[in-house]
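# Close look at the chain arrangement
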Protein chains: 4
Amino acid sequence: MEYDADAEIIRDAPEPPFQQLAGILRTRIQRGDWAPRRPILSETRLCEDYGLSRPTVRRAIAALVKEGRLFVVPQRGTYVADRSAPASEDESAE
Amino acid sequence: MEYDADAEIIRDAPEPPFQQLAGILRTRIQRGDWAPRRPILSETRLCEDYGLSRPTVRRAIAALVKEGRLFVVPQRGTYVADRSAPASEDESAE
Amino acid sequence: MEYDADAEIIRDAPEPPFQQLAGILRTRIQRGDWAPRRPILSETRLCEDYGLSRPTVRRAIAALVKEGRLFVVPQRGTYVADRSAPASEDESAE
Amino acid sequence: MEYDADAEIIRDAPEPPFQQLAGILRTRIQRGDWAPRRPILSETRLCEDYGLSRPTVRRAIAALVKEGRLFVVPQRGTYVADRSAPASEDESAE
DNA sequence: GTGGTCTAGACCACG
DNA sequence: GTGGTCTAGACCACT
């Protein structure tokens, strides 16, 4: 499923919030909101912007890390991977 | 990770500035910018050239000293070690 | 040098603030302000109570950890060691 | 020989400048310009205030350290000793 | 001029 | 909320 880069989180949608956020971020990365090897928004900032809790935000990030689109540097930040659109994987399935 | 000898410091990068500087200096030493037992640039000069603060520059130097590529003579300067390319080690560890 | 458990930090003193704080905490631990295996004040709290910055507080804690009087549990807190008064050591050395 | 606390350095006096400065500082310490365990002026500042070179200033300080009136903390500063007027010693002779 | 030391503050991931 | 990390700048003695 695709997501609009400027979509908002819909609480009672069929997809859980963390999946919606992952979809939004995936689109924003592909759109080029952040260049490879550059930091995306901090977890705190994502919480504020999308009205989500920390665990939810972390779950979305974890999904994108698993897909190879992001990588986390401990105590420093979350960055866009060099090859931001790796081989297609189970993006919607989980 | 390798660094170009003429690279500039990128604030936003996943690697912190002190690590980038260490990488640049490591490359410049191997390239032969300074002969063994000859002083490299002063800490003050490195601050100016790379737009960094003293502590950041000192941290980079400390890493190269630990690797055996440089040695510091208190109140006199920082020098290239005789054997400037010792066995590879964990260059990212602090 | 000994420190009063209720002493304040003196900026101008020959001993740097981080050393003064280490001395104060050392005295408070020996006095029994906190029981073994119980947390001392958080770093943030110590900053407020003594008017110091985080790095200064952390440096004092690091000294006491090195002495075996405290131990740090990452992301959880700083605790008094079981045997809170180990053999005397070089308390001024860093 | 005693010196006025507000005296200036006289180049062609019988006493060399470093001795004159030592005398002035001795008087200022006894007068209480700086409390015990508090820093006096930095070497750089003394150079400026009295129009002397660094070696000259350092020689004056060394004399007062030898007398037990001052003590130097490496890389930190020069401080007034706790007992600022110890047993009389060879103050003018050298 | 050099390197040495210390304090400061902001940002982060993490539980 | 916690501790972890990093950069910044001022001041010092010293050669």
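Residues numbered from 1 in each chain as written. Chains lettered and ligands numbered in written order. Predicted model: local features only at pLDDT ≥ 70, side-chain atom pairs only at ≥ 80, totals over all residues. Heavy atoms only, no water.

## A look at the confidence of the model for chain A
All names here are of chain A. Confidence in the prediction for chain A averages 86 pLDDT; 87% of positions are at 70 or higher. Averaged over each element, pLDDT in chain A is lowest for helix α2 (residues 43-50) (92) and highest for strand β2 (residues 77-80) (94). Across residues 87-94, where pLDDT falls below 50, the model places nine contacts with residues more than four positions away in sequence or in other chains. (pLDDT = per-residue confidence, 0-100. Helix = DSSP H or I, 4+ residues; strand = E, 2+ residues; numbered from the N terminus. Contact = heavy atoms within 4.5 Å.)

## Focus: the packing of α2 of chain A against helix α3 (residues 54-66) of chain A
Packed helices, taken two at a time, are described by the angle between their axes plus the distance between the axes. All names here are of chain A. Between α2 and α3, the shortest axis-to-axis distance is 9 Å and the interhelical angle comes to 110 degrees. It follows that α2 is roughly perpendicular to α3 by the angle criterion. Where α2 crosses over α3, the two elements pack in a sense that is right-handed. Every residue of α3 that contacts α2 at Glu43, Thr44, Leu46 and Cys47 is listed here: Arg54, Val57, Arg58 and Ile61. (Axes fitted to C-alpha atoms, helices over the stretch in contact; angles between N-to-C directions. Parallel < 35°, antiparallel > 145°, perpendicular 65-115°, else oblique. Left-handed = near helix turned anticlockwise from the far one by under 90°.)

## A closer look at helix α3 (residues 54-66) of chain D
Residue and element names in this part refer to chain D. Counted at 1.5 Å a residue, the expected span for α3 with its 13 residues is 18 Å, and the 18 Å between its end C-alpha atoms agrees. Along α3, the residues that are buried comprise Thr56, Val57, Ala60, Ile61, Ala63 and Leu64. When α3 is viewed along its axis, its buried side chains cluster within an angular range of 155 degrees and face the same direction. Exposed residues pointing more than 90 degrees away from the buried face of α3 are listed as Pro55 and Lys66. Its buried side turned inward, α3 meets α1 (17-31), α2 (43-50), β1 (70-73) and β2 (77-80). (Expected span 1.5 Å × (residues − 1). Buried < 20%, exposed > 50% of the residue type's maximum accessible area, 1.4 Å probe, protein only. Arc of directions from axis to C-beta.)

## Focus: the protein's contact with DNA strand E
Close to DNA strand E lie 30 residues, the nearest being Arg54 of chain A, Arg54 and Arg58 of chain B together with Pro17 and Arg59 of chain C. Put simply, 67% of the atoms of DNA strand E that lie within 4 Å of the protein are in sugar or phosphate. The contact in question runs from a phosphate oxygen of DNA strand E to an N or O atom on the side chain of Arg59 of chain C, over 2.4 Å. Of all the secondary-structure elements, those providing two or more residues to the surface near DNA strand E are α3 and β2 of chain A, α2 (43-50), α3 (54-66) and β2 (77-80) of chain B together with α1 (17-31) and α3 (54-66) of chain C. With three residues, the top contributor of residues to the surface near DNA strand E is α3 of chain C. Among the residues forming the surface near DNA strand E, the class breakdown is seven nonpolar, 13 polar and ten charged. (Near = heavy atom within 4 Å. Polar contact = N/O pair within 3.5 Å; in protein donor to acceptor, adjacent residues only side chain to side chain. Nonpolar A, V, L, I, M, F, W, Y, C, P; charged D, E, K, R; others polar.)

## Here's the deal with the UniProt feature "domain: HTH gntR-type" (unreviewed entry) in chain A
Here, UniProt's "domain: HTH gntR-type" (unreviewed entry) annotation points to residues 15-83 of chain A. Between the first and last C-alpha atoms of residues 15-83 of chain A the distance is 27 Å; the span itself is 52% helix and 12% strand. (UniProt positions renumbered as here; feature names shortened; annotations may be inferred.)

## Quick notes on the interface of chain C and chain D
Listed by partner, the interface residues are nine residues for chain C and seven residues for chain D. A combined buried area of about 610 Å² lies between chain C and chain D, and 50% of that area is made up of carbon and sulfur atoms. The largest share of the area that chain C buries against chain D comes from Ile10, Asp12 and Pro14 of chain C, three residues that together contribute 71% of it. Two residues, Arg37 of chain D and Glu15 of chain C, come together in a salt bridge whose shortest N-O distance is 2.7 Å. Our count for the contact surface shared by chain C and chain D stands at three residue pairs in polar contact (both at pLDDT 80 or more). Among the residues forming the side of chain C that touches chain D, the class breakdown is six nonpolar, no polar and three charged. (Buried area = accessible area lost by both parts, 1.4 Å probe. Salt bridge = Lys/Arg side-chain N within 4 Å of Asp/Glu carboxyl O.)

## Considerations on the pairing of β2 of chain A
The side chains of a regular strand alternate between the sheet's two faces. When strand β1 (residues 70-73) of chain A meets β2 of chain A, the two strands line up antiparallel, connected through four bridges. Residue pairing for β2 of chain A: Leu70 of chain A is matched across the bridge by Val80 of chain A. (Pairing = 2+ DSSP bridges.)

## A short note on the interface of chain B and chain A
Size of an interface, as often reported, equals the accessible area lost when the parts are brought together. Each partner contributes to the interface: chain B provides nine residues, whereas chain A provides seven residues. In total, chain B and chain A occlude about 610 Å² of area from one another, counting both sides; carbon and sulfur atoms represent 50% of this. Broken down residue by residue, the surface that chain B buries against chain A is led by Ile10, Asp12 and Pro14 of chain B, which jointly contribute 70%. Summed over the shared surface of chain B and chain A, the number is one salt bridge. Where chain B meets chain A, there are three residue pairs in polar contact (both at pLDDT 80 or more). In terms of residue class, the side of chain B that touches chain A is made up of six nonpolar, no polar and three charged.

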